[in-house]
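Inside the fold
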Amino acid sequence: MSTATPRTSLREGLRQAPKANQPFIPDTAPVRRSHMHAHPQSPQPVSMSQTHANSVGSNSPHPTVDSWEGREQKVPMSTREVATPGNRPGLFIGLNDRGKSAKQPDFYDPYFPLRYLEVPKSDHIYKRAHYGLQSGISDEVDFALYHLVQISNQRWDKFKFEGFPLLAETLMEKAIDISILCTGVKWELQYDFRQPTDRVNVLNSLHGTRDILEKIKQIPVTLPDDTLETYEFNHRLRNVKEATLVLRNMVLLKENAFYVSRYAKGLLRDFLVILINLPNQPRLNEIKNDALDIAEEVTKFMRTDPEDPLWISLLGCLESPDRAHVIRALWALTHFSTELDDQEANRAMERVPKATLQQLYFHTLLDQDRDILSGALDFWYQYTLSRENIENLIDIFNLPIVFAPRMIALLTHDARPSKKETVLQEEKVAPPPSEIPRVPPELLKDLMELSEPERSSRWLRCCFVEDADCEITQIALWQAYQSRFADPRVPGGGVLPAAEFIKNVSTTFTNAQAQVINGPGATTRFIIKGIRPLETAYTFQGFPYLFCKWTDNSKPSKTCQRAFKTPTDLRNHVFSDHMNLATSGEAPGHYNLDKAESPIHTCLWDNCTKFRSSGPSANTAMVAGHVSSHLPEERPADAEAPSSKRPVLQERIVRKWFYLDTPVNERGEPVGVAYKAALVLRNLARNLPDRVAQQYDGLSWKKAVFLSHRPRIVEIWDRNRSLRKELTELIMILEREEYY
């Protein structure tokens, strides 16, 4: 049997792997595995590929592997065209696949009743919560609202209304059940515009109920003011709060806010109006706050007009004693129609009541409440965009005295002072001394009484000072130390070794550092960075030694050069040793200033020329007074040590600018209250009428409002760099009026 079976029958349904660099030509003939195994010798139907193979010379109805692999001849692949909706759409028009559900109708079509919709079922927790909420069963509703709160809080960016038909409507319907608790009346939702909505508790949920405020007034509130609650009341109230919170969390996503404001706009308006107009009780405050949060997000995509119940309800919140209500209402009012391209979408600004405008002006006086102040300025910016509104503003406020000055005062709100300096001339100080100061005998005596390393530290402090801009070579410092303290009679000179001495320099001066500088070429310098020599040696107390500069021609050095610690010691030395004045017996430091018998007194202090032409004088008091002018003043007993800074040869000249800059964002663009006040002023200057203001001496309205405030505006322009662009535009508008 195996010998009679063709080769292909043993490998039926299998394809041999193509060889390298050989084209693969698949067999497109259908294979019926069960039939071939049951009847291997039965004839097979001839396929298109077999017919083509026989036509080119194949003797077998089943071509061998060698024939179709391209080993001896290349056979083109044949294909069969299958009709699909992509290439034959006409064949599938009107046909329904019974294995799939029918196409869902547009459940937001106003002619299709929403209550008859069927939503595909799913076991997902999202769907479970969705259906549980729609079921109306108390336990299922509790389960659904609990999980929806968690989902909307944690996965709000993934949880979208478009994936859950009727979820938004069901949540809003559950939320407006608050009316049952407050009035005992349940609102009925009517989606068929052909049905009447005359009854007081029926809402036109398709387009919104225009007379809903009148209906709310007709339904008396039965909710008591006390806080005693039954379990059923508390349970219903919790469900309402959870449903409102879920809506609030979900509309924070822009896609959800757009979705619900477009596809459920009628019910959305009624829902917001009902919740905003709840009785003023603390237990309902959370619901009202959430409703205002929802209004802030969805009003961006909603049209409005002066008779809009939602607009009127939000205006009423501005008079609320609750700060949170005022802030949220301001945000919702200013967001109306901001995402719509239609310029006529927000016509409510045309007829804002006078009392509301006055209240909004009072809100601009709350400097400490930035949120209310910012929200009020947002409203004023939009209100002043219209020339007709400016005409109305003229009749309500005294613009030059009340409104404009307040806006100008806000141009510096939250400003922070700053300073900018421009150096016109750099400071120049005297160069450091080139020589290390000599140690006077008086100081050397005190130093020799100390032992090392205290002696070298004291010497360094008396002859050097820290200076970050100066340096001295290590060899010069070491040689100066050796020349002053080395004793040839003692082994090693009685001084510190060079390495220990350099180390002691860094110990004595904290900021001094031993460094190696590779100079130009092959030279290397070893320096101490951060110290410089003093002009003269200092005492242990930090005062400079005072040297006598009296000239004595009888000495080889011609100058006395004795050093003294205090001005008193120097004065006594000059008067006693050089002028030979006798002391009076009254007190030390007092000398006999009687007139001399012969002209013997003169001044030889540092080549003084006072008596060079006239010669010596006998007037002792006069000469002593002149010599005293060369000597330093007496030092108080509690005097502090003088500064060792180098004298300034050229003062530093700096030009300073002081600014009051208001806040900017990370891109440097102005933000905040001051920026909004500048925009309001710019709108006011643009839209003030061109007619003459009779009550202001015949000036035009622009001159009457801004003439007296122009210097202040220019001053703020100069100091507030954040608002330069906006205030420049304002000043240019004023300049076009040819005021000045």
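Residues numbered from 1 in each chain as written. Predicted model: local features only at pLDDT ≥ 70, side-chain atom pairs only at ≥ 80, totals over all residues. Heavy atoms only, no water.

**What about the overall build of the protein?**
Each helix and strand in the protein was counted, giving 29 helices and 13 strands. The burial tally for the protein puts 41% of its 740 residues in the buried class. For the protein, the proportion of contacts with a sequence separation of at least 24, taken over those separated by at least 6, is 67%. Here the protein has roughly 42600 Å² of accessible surface; of this, 51% comes from carbon and sulfur atoms. (Helix = DSSP H or I, 4+ residues; strand = E, 2+ residues; numbered from the N terminus. Buried < 20%, exposed > 50% of the residue type's maximum accessible area, 1.4 Å probe, protein only. Contact = heavy atoms within 4.5 Å. Areas by Shrake-Rupley, 256 points an atom, 1.4 Å probe, with all protein chains shown as cover.)

**Focus: helix 25 (residues 620–630)**
The periodicity of an α-helix, 3.6 residues per turn, causes residues three or four positions apart to be oriented the same way. Residues of helix 25 that are buried: Thr620, Val623, Ala624, His626 and Val627. Projected onto a plane normal to the axis of helix 25, the buried residues spread over an arc of 160° and lie on a single side. The secondary structure elements touched by the buried residues of helix 25 are helix 24 (567–578). (Arc of directions from axis to C-beta.)

**Quick word on unusual backbone geometry**
The amide bond that connects Glu452 to the next residue, Pro453, takes the cis arrangement and shows omega of 5°. Secondary-structure assignment places Pro453 in the loop between helix 20 (441–448) and helix 21 (454–463). Phi at Leu166 takes a positive value of approximately 75°, unusual for a residue other than glycine. Along the chain, Leu166 turns up in the loop between helix 6 (138–154) and helix 7 (167–175). Note on Leu166: relative accessible area 12%, which makes it buried. If you check the backbone angles, Asp606 has positive phi at about 50° while not being a glycine. Mapped onto the elements of the fold, Asp606 is located in the loop between helix 24 and helix 25. Residue class for Asp606 comes out partly exposed when judged on its relative accessible area of 46%.

**Details of the pattern of salt bridges**
For the structure shown, the criterion picks out 37 salt bridges. Between Glu140 and Arg128 there is a salt bridge whose closest N-O contact spans 3.4 Å. One end of the pair, Glu140, is in helix 6; the other, Arg128, is in helix 5 (residues 125–135), with twelve residues separating them in the sequence. Its relative accessible area of 38% is what places Arg128 among the partly exposed residues. (Salt bridge = Lys/Arg side-chain N within 4 Å of Asp/Glu carboxyl O.)

**Section: the sheet that holds strand 6 (residues 513–518)**
An order of 5-7-6 is seen for the three strands of this open sheet, with the pairing classed as antiparallel. Two strands in the sheet have a free side with no partner beyond their single neighbour: strand 5 (464–473) and strand 6. Averaged over all pairs of adjacent strands, the angle between strand axes in this sheet comes to 30°, irrespective of strand direction. Examined bridge by bridge, strand 6 and strand 7 (residues 524–533) share six bridges and lie antiparallel to one another. For Val516, the partnering residue across the bridge sits in strand 7 and is Phe526. Helix 21 contacts strand 5 and strand 7 of the sheet and is inclined by roughly 100° relative to strand 5. (Pairing = 2+ DSSP bridges. Axes fitted to C-alpha atoms, helices over the stretch in contact; angles between N-to-C directions.)

**A closer look at the packing of helix 15 (residues 323–335) against helix 17 (residues 370–383)**
At a closest axis distance of 9 Å, the pairing of helix 15 and helix 17 adopts a crossing angle of 25°. In terms of orientation, helix 15 lies roughly parallel with respect to helix 17. Taken as a pair, helix 15 and helix 17 cross one another with a handedness that is left-handed. The residues of helix 17 that touch helix 15, namely those facing Arg323, Val326, Ile327, Leu330 and Thr334, are Asp371, Ile372, Gly375, Ala376, Asp378, Phe379 and Gln382. Of the residues belonging to the contact of helix 15 with helix 17, the class tally is six nonpolar, three polar and three charged. (Parallel < 35°, antiparallel > 145°, perpendicular 65-115°, else oblique. Left-handed = near helix turned anticlockwise from the far one by under 90°. Nonpolar A, V, L, I, M, F, W, Y, C, P; charged D, E, K, R; others polar.)

**Overview of the environment of Phe658**
By secondary structure assignment, the location of Phe658 is in strand 11 (residues 653–661). Between the C-alpha atoms of Phe658 and Arg719, which are 61 residues apart in sequence, the distance is 7.0 Å.

**Concerning the packing of aromatic side chains**
Within the structure shown, the criterion is met by 23 aromatic pairs. Seen from their ring centres, Trp380 and Phe397 are 6.0 Å apart, and the 70° between their planes marks the pair as edge-to-face. Within this pair, whereas Trp380 is found in helix 17, its partner Phe397 is found in the loop between helix 18 (387–396) and helix 19 (399–409), the two being separated by 17 residues in sequence. Taken individually, Trp380 and Phe397 each receive the classification buried, so the pair is uniform in this respect. Ring geometry for Phe397 against Phe403: centres 5.9 Å apart, planes inclined by 35°, an arrangement best described as tilted. In this structure, Phe397 and Phe403 share a single accessibility class: buried. In textbook terms, an aromatic cluster arises when at least three aromatic residues are bridged by ring pairs, as seen for Tyr361, Phe362, Phe379, Trp380, Tyr383, Phe397 and Phe403. The positively charged end of Arg458 is found above the aromatic ring belonging to Phe540, 4.8 Å away from the centroid. (Phe/Tyr/Trp six-rings, centres within 6.5 Å; stacked < 30°, edge-to-face > 60°. Lys NZ or Arg CZ within 6 Å of the ring centre and 35° of its normal.)

**Some words on the state of the cysteines**
The final tally for this structure, using the stated rule, is zero disulfides. Residue Cys608 stays outside any disulfide, its sulfur separated by 3.8 Å from that of Cys603, the closest cysteine. Taking relative accessible area as the criterion, Cys608 reaches 16% and is therefore assigned buried. (Disulfide = S-S within 2.5 Å.)

**Topic: the confidence of the model for the protein**
Mean pLDDT over the protein: 82, with 82% of residues reaching 70 or higher. Under a pLDDT of 50 for its full length, residues 1–14 has, in the predicted model, twelve contacts with residues more than four places off or in other chains. Taken as a whole, residues 107–123 scores under 50 in pLDDT and shows 29 contacts with residues more than four places along the chain or in a different chain. (pLDDT = per-residue confidence, 0-100.)

**Section: the side chain of Asp290**
Positionally, Asp290 belongs in helix 13 (residues 285–298). In this structure, Asp290 is buried with no salt-bridge partner, the nearest side chain bearing the opposite charge being Arg248 at 4.5 Å. With near-sequence residues (within four places) excluded, Asp290 lies in contact with Thr244, Leu245 and Arg248. (Lys, Arg positive; Asp, Glu negative; His and termini not counted.)

**A word on the side chain of Arg646**
With respect to the secondary-structure elements, Arg646 resides in the loop between helix 25 and strand 10 (648–650). Of the residues examined, Arg646 reaches a relative accessible area of 16% and is grouped as buried. In terms of polar contacts, Arg646 uses its side chain to reach the backbone carbonyl oxygen of Ala430, at 3.2 Å. Once residues within four sequence positions are removed from consideration, Arg646 is found in contact with Val429, Ala430, Pro431, Pro432, Asp467, Asp469, Cys470 and Arg532. (Polar contact = N/O pair within 3.5 Å; in protein donor to acceptor, adjacent residues only side chain to side chain.)

**Examining the environment of Leu688**
Within the secondary structure, Leu688 is located in the loop between helix 26 (673–687) and strand 12 (692–693). In this structure Leu688 comes out as buried when scored by relative accessible area, which is 0%. In this structure the C-alpha to C-alpha distance between Leu688 and Arg387, which are 301 residues apart in sequence, comes to 6.8 Å.

**Quick notes on the packing of helix 21 against helix 23 (residues 498–508)**
Following both chains from N to C, one finds helix 21 and helix 23 inclined at 60°, their axes separated by 10 Å at the closest point. Here helix 21 lies oblique to helix 23, going by the angle between them. At the point where helix 21 passes helix 23, the crossing takes the right-handed sense. Contacts from Ser456, Ser457, Trp459, Leu460 and Arg461 of helix 21 reach helix 23 at Phe501, Asn504, Val505 and Thr508. Its residues assigned to classes, the contact of helix 21 with helix 23 shows four nonpolar, four polar and one charged.

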